[in-house]
Structures are given as structure tokens and as C-alpha cells.
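Tertiary structure, described
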Amino acid sequence: MIPGKYRSVSGRATNNVNCGLHLVIQTSSLPEKNKVEFKLHKETPSFPGRLLQHDLERNYSSRQGDGRVISPSPRNKSSCISSTTNVTELCGLEMKTTTSSFSAFGDSSIQTPSKSRIRQGCHSAGPNVSGEHINLVSSSMPSFPILQRSSEEKILYSDRLTLERQKLTVCPIIDGEEHLRLLNFQHNFITRIQNISNLQKLIFLDLYDNQIEEISGLCTLRSLRVLLLGKNRIKKISNLENLKSLDVLDLHGNQITTIENVNHLCDLRVLNLARNLLSHVDNLNGLDSLTELNLRHNQITFVRDVDNLPSLQRLFLSFNNISTFESVCCLADSTSLSDITFDGNPIAQESWYRHTVLQNMMQLRQLDMKRITEEERRMASVIAKKEEEKKRESHKQSLLKEKKRLTINNVARKWDLQQQRVTNIATNQDGKDSDSPSQDPCQVDGSTISAFPEETGSLDSGLSNALQGLSVTDTYLVEVDGDTLSLYGSGALESLDRNWSVQTAGMVTTVSFTFIEFDEIVQVLPKLKIKFPNSLHLKFKETNLVMLQQFNALAQLRRIDQLTVDPQGNPVVSFTLWKYYVLFRLSHFSMQKINGTEVTQNDMIMAERLFGILAHVASSELPQYRLISILGDARKKQFRYLLESKGKKPGIVNEENNDSKRLAGENTNRATLNYTTRDFYNEKLEEIKEKKKFCKTYIEDLVKEATEINMKNEALQKLWPQMFIELVRDAVIEIRNKNSYMKLCLQKITDQK
Amino acid sequence: MATEGAGNLASGSWRVELGSCAGQRMLSSERLALPDYEYLAQRHVLTYMEDAVCQLLENKEDISQYGIARFFTEYFNSVCQGTHILFREFSFIQATPHNRASFLRAFWRCFRTVGKNGDLLTMKEYHCLLQLLCPDFPLELTQKAARIVLMDDAMDCLMSFSDFLLAFQIQFYYSEFLESVAAIYQDLLSGKNPNAVIVPTSSSGQHRQRPTLGEAGMLEGVEASLFSQCLENLCDRHKYSCPPLALVKEVLSNVQRLTFYGFLVALSKHHGINQALGALPDKGDLMHDPAMDEELERLVVRSRLHRTSRQHRAEEPGAFGFQRRDKLEAPERVPSASATTPYPYRWEPRE
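About the criteria used
Residues numbered from 1 in each chain as written. Chains lettered and ligands numbered in written order. Predicted model: local features only at pLDDT ≥ 70, side-chain atom pairs only at ≥ 80, totals over all residues. Heavy atoms only, no water. Helix = DSSP H or I, 4+ residues; strand = E, 2+ residues; numbered from the N terminus. Buried < 20%, exposed > 50% of the residue type's maximum accessible area, 1.4 Å probe, protein only. Contact = heavy atoms within 4.5 Å. Areas by Shrake-Rupley, 256 points an atom, 1.4 Å probe, with all protein chains shown as cover. Axes fitted to C-alpha atoms, helices over the stretch in contact; angles between N-to-C directions. Parallel < 35°, antiparallel > 145°, perpendicular 65-115°, else oblique. Nonpolar A, V, L, I, M, F, W, Y, C, P; charged D, E, K, R; others polar. Salt bridge = Lys/Arg side-chain N within 4 Å of Asp/Glu carboxyl O. UniProt positions renumbered as here; feature names shortened; annotations may be inferred. Left-handed = near helix turned anticlockwise from the far one by under 90°. Patch = residues over 30% accessible without salt bridge, like charges linked within 9 Å, V, L, I, M, F, W, Y side chains within 5 Å. Lys, Arg positive; Asp, Glu negative; His and termini not counted. Charge placed at Lys NZ, Arg CZ, Asp CG, Glu CD. Core = buried A, V, L, I, M, F, W, Y, C linked by side-chain atoms within 4.5 Å.

Before going further, it helps to spend a moment on the overall build of chain A. The helix and strand tally for chain A stands at 21 helices and 23 strands. Within chain A, the fraction of its 753 residues that count as buried is 49%. For chain A, restricting intrachain contacts to residue pairs at least 6 apart in sequence, the fraction spanning at least 24 positions comes to 51%. When the accessible surface of chain A is totalled, it reaches about 35500 Å², and 54% of it is carbon and sulfur.

Printed below as a string of C-alpha cells:
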């Protein structure tokens, strides 16, 4: 039985290898040495398991921090036996020291009054001494043995009685020992505390390692100061009401699930609840003198109420289930706490663990058995500050992100509404078109707008209603993230007018447009070119790209390496030809990627094959006056090139040539393929219509005049031969009579004189 | 002085128009039968004169630089060549039959390669291609053309280039005519006689009751002979261009009854009508344009060179080198483009 117990003890030692080893060697952390020590334990089976156990537990506690009591150095090299003597000696010393006497021993059940006794035990090295000192006499009562001691014994140990390992199953009746102050029932099989109510002077009661299931029979022991009930089967803390002067309460190794019925123990200094089944720490108020609380090896997930313990200095929470600092945050409010352990908890694995604890508990002097240095504290505070900043930053970030999300949603909603309206108008327009296909579209446009005022009106109000419902009133979003400039909503385009810092502007290589009409984008492209000269990658999403010709507008940019057109909101992407058209039209950029796909030489050739003729026709077959009008102002300079090289008269005087140089890079025969936005185009059509009207009347007048002249001419032509004949006849008649004619002539001459 | 100028102008354009459009069929007696002004208007001479002046107005600064006479020469030359419609507004493109034919031809020439590549495209995509040549080309016309090729409920289907082009040709060139035809067809369907020609009661009765599913194949549409009669009537008084009546009759004589779209499909597939229209080559030759192919080969080779030269350039450091190279390169590129200009391209549309 006993060896088995040893084994179990040593087994526990292996479980807690670290602690056990540390305990014996104390400062050394070399595993070999630990092993050696451990072996020593094993090899001395006769060595009292109690001591071993004590040693273990004590070492836990001493490791946990009371360096000032147990000086590690002498025990480092000591053999097992010497170490035990040391222990006992130390215990003795302990006894003499003041308040913290028990604290060093954590859950140990070894106590000082039995100093000599233990020493004896050790020296005799026997498991027990029963025969020597004590006679257990069967009493007259059937179940309870009656204990009697020899008179010498009584004299020698007048105030103490040790009944270790007596295989007792019940408490014996102790007669004539009313003066007893120390009673030891360690390592028996007692199931119930009985027959000691007469020992009213009892100060120290040790029931370590028994089978007690309930705390009872103690109500008369008013002077009891130390109650050791470790390693029993207690499920509940109870029946301690009268033990007002209790100083040490050891309940380790039981099955207690909650802390209760201790609030009246105002003198209690040490409470050991290690190795129980506690799931949380609570209900501690009233324990005003408590300086040490051992809660190791439980299943504690959170700690409360510790800030109500004004004297608490040492708190051992090793090997529990604490995973966040929040669950133990009341510790931060405790002013007296100087020593704490968290090792063996999930929290101790976290990278932030140590400095967080240090930062929050400035009063600590030791954490996990390590003295806290000033340096460490400083580091902790620095880290904590950083953390704080980071947190604030991330909070700000998440706020921003949220705001961004809301704004984007808002923009998207607005966009959707707008799109709906646009399609409505478009369908209306189509309807109109079918009515009068020969009509000018711009006129159609105008008439639809006037024809459906109610509809647009109602949509407008719907839109504003929707907007009012939104908390975020921003209708656009501009974001610069690294090298990406993201624009959401058409309002964002105005941001291009802003004064961007040279650095930012230079860094931006990707510009993304979302929820903006492509036509609106086209208008700001020149600005984009100037403000963000390094933009190489353009992204379009929900921009209403519907026609191939819209890509023409991109040709005016400085350079594009990549183009990404999201199929969402850009129907043009569904066309099989769009990529080739882009490649063809923007071939002067030598683009690298389109929608993330690498552009190959074959793609380029394919593009040329598909659309080369279009460019050729556009450039070589357009009459020159058309070329001029199509190329527009910006391109005239470039066109001048064409003219000059064709050996014709130069078009316009060129004052600035930077642009033309650049444009020369663009394949000239493609320049004729350009894009004017719908609004602008409609304007132009309107203008053309005006001109046409004028031309019509002008030509009409001209032609009328011309036909009239023609008619007169023809009439004259008809008349002329007859007239000529008549004229000749008249003349002939006139000169028929030669004499009279001569006379007439002479008459005329004289008259003239 | 001004009068004289106008007179010259008028006669100048006249000649061009006679050469290109009227052809030899236009007899001088016929011309003399009409007052001058009406004659000019009817032959669309006025349209071109107006447009020429309009263009002149639009670019007066530029044009005054290189001469008004030069401008008029170029303008009327381009009208003759059919290149005047490139990138023009739709109202102009559809203004005259000649413009329509020119546009059809330009479309065919520019995008023949797309068809040759074998790509089947959707109506919308064809529309985009049309818009490349005419930015405000109405979607509605493309839709109508697609409806000739596709079933009503399958408008998103893919079409081959030649199918679309031939259907589009009919729809675009004869769009007014087709509208009148559609009206007649509807009238016939509902039993009315648009031309007040006596309709046999039996057939009108047939049309009133919508054909049931079983006999749909038989009774769908209208009777061909009746339809043909109506069309004949229409062609006589129609002031817009219509397909040659003989050919229409030929189309109609082949069948007993037909639907409107059946009629359009037959028209679009009719080789004679295509010939009569004269804008496109025969269906078999639609993919065939050796001169342009040759040109295209040259372009492809050049673009390859261009690309490689660009790549070289990209390796060169500094943007300035980049620009300078471009400047040097530009003149040598241009002659090759201009060299192709005198490419003899003249075609005579028939009316």
C-alpha cells in the first residue's frame, strides 16, 4: 500500500518534472541533474513519502517565490537526505520567523511543531514509529479504539500527538490529553472527523492524506489555528463557522468546486486550494488577513474578487485555464499583491503575456517565480504603450474601414439608382427611336426628357429619400492605399483637382474607378495624366463601359501597362473582341497585361489582323478635311506631322511641341479612332444641326439663284440668234441707200463740232 | 460675283453626282422634265452641297489654310469614293442611298477580318463595331437586323459575320421600304387590304383565326401572291429606294405563303438583290478582298516591327531618348501610309 503510494507520489513528481526537479535543485535547470535527483527519490523507497510529497509541494511554493526564506544554495548539491534535513531545519526556522512562516510551504502538510518528531522519523528512517511511542488499546466501545500513551511519552511530548500511518479508519478516542495542542493523523484511512471535540486547546490539526468526505466535528475547536485537510475527499467547504482564529487552512488535493463559507475567517493568512476542481475564483470578501492564496492545478477560467483581499501578497494560479487577461483583470486592482504565477495557463503562451501583466500590475515584484527588474518593467511599459497605440490605430483603421464600407455602399446604391434611371431613359429613347428612326438622336433625347418629367421627378425623389435614410452622407470616396488610388462615385473625380503631394502622386501607379460613368472619367483623363504621371494600371469596375469605342479615350494617356476591366457593370467585357480592340487601339502603350492576363505577341498580331484594316481605312481613306476635324485640337499638332511629311502645307503654327512628341508615339493611323462622350457628342450634333439648317437655306438660295441665272442664260441663248438677225437686218436696211447714209454720217460729224 | 461662284459650284458638284450616282441611265430628257431645283434635290446633289458647306464651316480655319478649292475637290472625291461617311453622324450616313451603300461597304471592308477570323458575335457586339464607324448608330436598327437572322426569343445568340451583314444590308438600305412592308403585312394579317385591292374572303377568313399549333407551318404568314400585289403597288409610289420589283416578285413567286421575317430572310439571302444594291460582293466572296489582305499583311509586319522596336526602346533609359526616337521614326512611317492612298478604289453603286 505504501510503496504504491510512493509510486504515485513519484509519479506525480514525474508529471511535474519541472517543478519537482526545480525544487530539489532549485536554481539549476539542467535536466540531467534533475534526473539524478529524481532517481534518488526513486531509489530510496524507504524515504518517507510524506517528506517527498512535502518536498514536492514545498518546492512548488518555494519556487513560486519565497526565495527569502529558503535559500537555494545549500540545497543545490545536497543529497536527498540532507535535503530533507534541510527542509526540516528550515521548517524549524520557519516556525520562528513571523507571519509568513507557513507561506513558504504552499500546500505542504509538514508543520513545524513536529520538528523533533519528524527528525526522529527521519533518523529512524522507518515508515513509522508506532510501536515505539504509542499504544493503541482497543477500547470497550466496539468501534473506537482508545488511545493511551506512556507517561514518559506524555512528558516528552506533552502537547503533541502523532498518529501517522496507523491504518486508522476512525479517529480514536483520546483520553486525558486535554492539553494537546498538536494532533497529527497523517496517512490514515479516516473517513470522518470524530472524537476530538474535547481537545479544546488544539491549535494544529493535521489530517493530511485520509479519506474524509466532509468537514465536521470541528465546531468546538475554537483555538484551532492550523487545519490541514490536504489529500482527502472533501467536496464542499463547510462547518468552519467557529474556527474564527484559523490561520492556515489547507484543503489541497480535494474535490472542491466552489469557494464558499470562508468569508468569516478574518485571521486566515494562508489558504491552499491547490488541486481541486475550482472553475472560478469568487466570494473572497472578508478574508482580510489572507496573504497567500494557492490555487494551482484547478480549472479556473476567471478570477474575481481578489481586489477585496487587502493583505494578499502571493497568489498562485499556475496550471489553470486562464486564457485572457480580462478574466483576471481584478488582479490589477489589488494593491498588496506582489507575487503571482500564471505558468501553465494558456495565457502564458501568448506573446503579450508578460508585458501585459507587468504593465497592468505595477505592484508586482515577482511573476512566475522571476523577479521583475526595472528594465523589464520599462520594456513592458514601452511595449504596452506601443500596443495601446497600435490598438488605437487599428481601432481608427476599423472605424475608417467601416466608414469606407458604408460610403461604398452608399455610392453603390446611388449608382444603382442612377443606372436604373439611365436604362429607363435609354429604353424610352429606344421607343422614340422606333417611332421616328430618321430623327436626330439628340432631338430624341431632348424630347424624351421633356416627355417624361414625372418619371424622372419621382425617381429623383426616390433617390433623395434613399439618401436621407442613410447615415453616411458621403457620396464618394477617395482612397490612396500604397500605390493604388481608388475612386468611388463620380464626386471622387473632383479629387483630381486637389493638390496632391509630389510624393503621393509619384507613388500612385494604379488608379481604380468604381461606380463612375466612364464618360465622366474620360473628361478627367487629361488631369489624371498630369497629376499622376506614373499611373500605369487602370482598373474599371461599375463604370458603364458598353462600347468598344470608349476605349479610344484611353489612348490620350501617357502610358498604360495594365488594364483591368471588371465585368461587373461593364458589359463591354462580355464581347469576344474587346481585348483585341484594346490591344489594337492602345498598341502604342505596349501593354503588358489585360485583366490580369499577360499579353502575348500573338495577341498583338491577332489584334492587328482584326482591326488593322479599320485603322488603315480610317487614316488613309479619310479626306484631309475630315482628318483635321476628327483629330481635334490636341491632335492637330500631331497631325501637322502627317501634313508636313505628306509634303503639304502645314496646318497650324505649332508653339508647343511636348505633346506632339509624345503623341507621335501613338500609331498615327489610329489617332482618328477617338471617343467623344455622349453628352459632348450630342452637343456636337446639335451644333451640326444648327449649321446644317443654315447651310440648307444658304444652298437653297444659291441654287435658286444659280438655276435662275441658268434659266435666264438659256432664255438668252434662245433669243440671241433672232436678236442678232434682227440687228443685222436693221443695220442693212440703214445702209441700203448709200448717199443718204453718207449724208447722215457727215451731218453727225458736223454736228459734233 | 457671288452668283457666279454659286453657279460654278452647282455645276461642279453636279458633274460629280452624275458621274457617281446617276450613271448612264439618267437621260437628259428626263433631267429636263424636272425643274432644276427639284432635280438636284431628287438626286441628292443638294444634300452633298449642303454637307460640303457645312464641313467647310466647321473647319474653316484649317481649310482656309490649304485652299477652299482643294477642300471641295477632296470632298466630292471622297463622296465618289464612298469614304465621306467614315465616322460621320448617323443622320448624314442614312441621308442618301449612296451614303448607305458607302457605309455598308465601309463596314464590310473594315470588319471583314472579324468574320474571316470565324468569330461569331452577338448583336450588341456588332452594334459596337457599327458604332466604331458611326458613333451614334442607333441600336434599334441593329436589333432589327439581328431579328432577321435570329428568332425573336433568341436575340442574344451569336451570328456569323456574313449572316449579319447581309441581313443588316437589307434592313439598313431599305429601312423605310421595310417599314411600309411591315405595315402592309400587318394589315394583311389582320385581314385589311391596304391597297383596297379586293381580297378573297376565304383567305381573309383564314387570317382572322390565328393558326393553331398543328397547322402553324401551313397557315403562318400571308399569301405570297397577295403580298406581292401589294408590294408592287408600294414600289410604284414609294419615294425611297426599294429593291427591284422583278427580284421581289421572284422571291415571292417561289412560295405559297410567307411570314414577314421569312420575306426578309429571303431578301437578305437573295443574290440578285445584293448585286442590285451593289455595296457588297457576292456572298461567296464576302471574305475576299485581296487588296486589303495585302495591305493587312503589311500592317501586321509593321506592327510586329513596331513592337519590337518599342521593346528595344523600353530598355533604353530615360524618357527623352524615347521621345526623340519617336520623332525620328514618325516621318518614315508616314510615307508607307500615304503610299497606299492612291490605291484605286472606285465603285459604282447601282440604283
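The next thing to look at is the packing of helix α17 (residues 601–620) of chain A against helix α8 (residues 97–116) of chain B. Contact geometry of α17(A) with α8(B) gives a least axis separation of 7 Å together with a crossing angle of 175°. Taken as axis vectors, α17(A) and α8(B) run roughly antiparallel relative to one another. Contact residues: A:Arg609, A:Leu610, A:Phe611, A:Ile613, A:Leu614 and A:Val617 in α17(A); B:Arg109, B:Cys110, B:Phe111, B:Arg112, B:Thr113 and B:Val114 in α8(B). In terms of residue class, the contact of α17(A) with α8(B) is made up of eight nonpolar, one polar and three charged.

Next up on the list: the pattern of salt bridges. Overall, the coordinates contain 30 salt bridges over all chains when judged by the stated rule. Residues A:Lys231 and A:Asp209 are paired through a salt bridge, measuring 3.8 Å at the closest nitrogen-oxygen approach. In this pair, A:Lys231 is assigned in the loop between β7 (226–228) and β8 (248–250) and A:Asp209 in the loop between β6 (204–206) and β7, connecting sequence segments 22 residues apart. A salt bridge links A:Glu375 to A:Arg378; the nearest nitrogen and oxygen atoms lie 2.5 Å apart. You can see A:Glu375 and its partner A:Arg378 sitting in helix α11 (residues 374–435), three residues apart, about one turn around the helix. The class for A:Glu375 is partly exposed, based on a relative accessible area of 45%. One continuous salt-bridge network, built from bridges that share partners, spans A:Lys692, B:Asp51, B:Arg88 and B:Glu89.

Per the UniProt record, the feature "coiled-coil region" (unreviewed entry) sits at residues 372–405 of chain A. Taken end to end, residues 372–405 of chain A comprises 94% helix and 0% strand; its first and last C-alpha atoms sit 45 Å apart.

Let us look at the packing of helix α4 (residues 45–58) of chain B against helix α6 (residues 68–81) of chain B. Residue and element names in this part refer to chain B. Contact pair α4 / α6: the axes reach a minimum separation of 11 Å and the direction vectors enclose 135°. One finds that α4 runs oblique with respect to α6. Of the two possible hands of crossing, α4 and α6 adopt the one that is right-handed. Contacts between α4 and α6 pair Tyr48, Asp51, Ala52, Gln55 and Leu56 from the former with Ile68, Phe71, Phe72, Tyr75, Phe76 and Val79 from the latter. Grouping the amino acids of the contact of α4 with α6 by side-chain chemistry returns nine nonpolar, one polar and one charged.

Examined against the element boundaries, B:Leu120 turns out to sit in the loop between α8 and α9 (123–133). When its relative accessible area of 42% is taken as the criterion, B:Leu120 is described as partly exposed. Each C-alpha atom, one on B:Leu120 and one on B:Phe161, is 6.8 Å from the other, the two residues being 41 residues apart in sequence. Non-local contacts of B:Leu120, meaning those with residues more than four positions away in its chain, are made with A:Thr576, B:Leu158, B:Met159 and B:Ser160.

On to a negative patch on the surface, then. Residues and elements named next belong to chain A. On the surface, a cluster of negative charge is contributed by Glu387, Glu388, Glu389 and Glu393. Within the secondary structure layout, Glu387 lies in helix α11. By relative accessible area, which is 32% here, Glu387 ends up partly exposed.

The biggest cluster of nonpolar side chains holds 148 residues, and the ones touching the most others in it are A:Leu554, B:Phe111, B:Phe227 and B:Phe263. Ranked by residues supplied to this core, first place goes to α17(A) with eleven residues. Residues within four places of B:Phe227 in sequence aside, it is in contact with B:Val181, B:Ile184, B:Tyr185, B:Leu188, B:Val222, B:Leu252, B:Leu258 and B:Phe263. In terms of nonpolar packing, the next biggest core, distinct from the first, is built from 68 residues, A:Leu205, A:Leu227, A:Leu246 and A:Leu309 among them.

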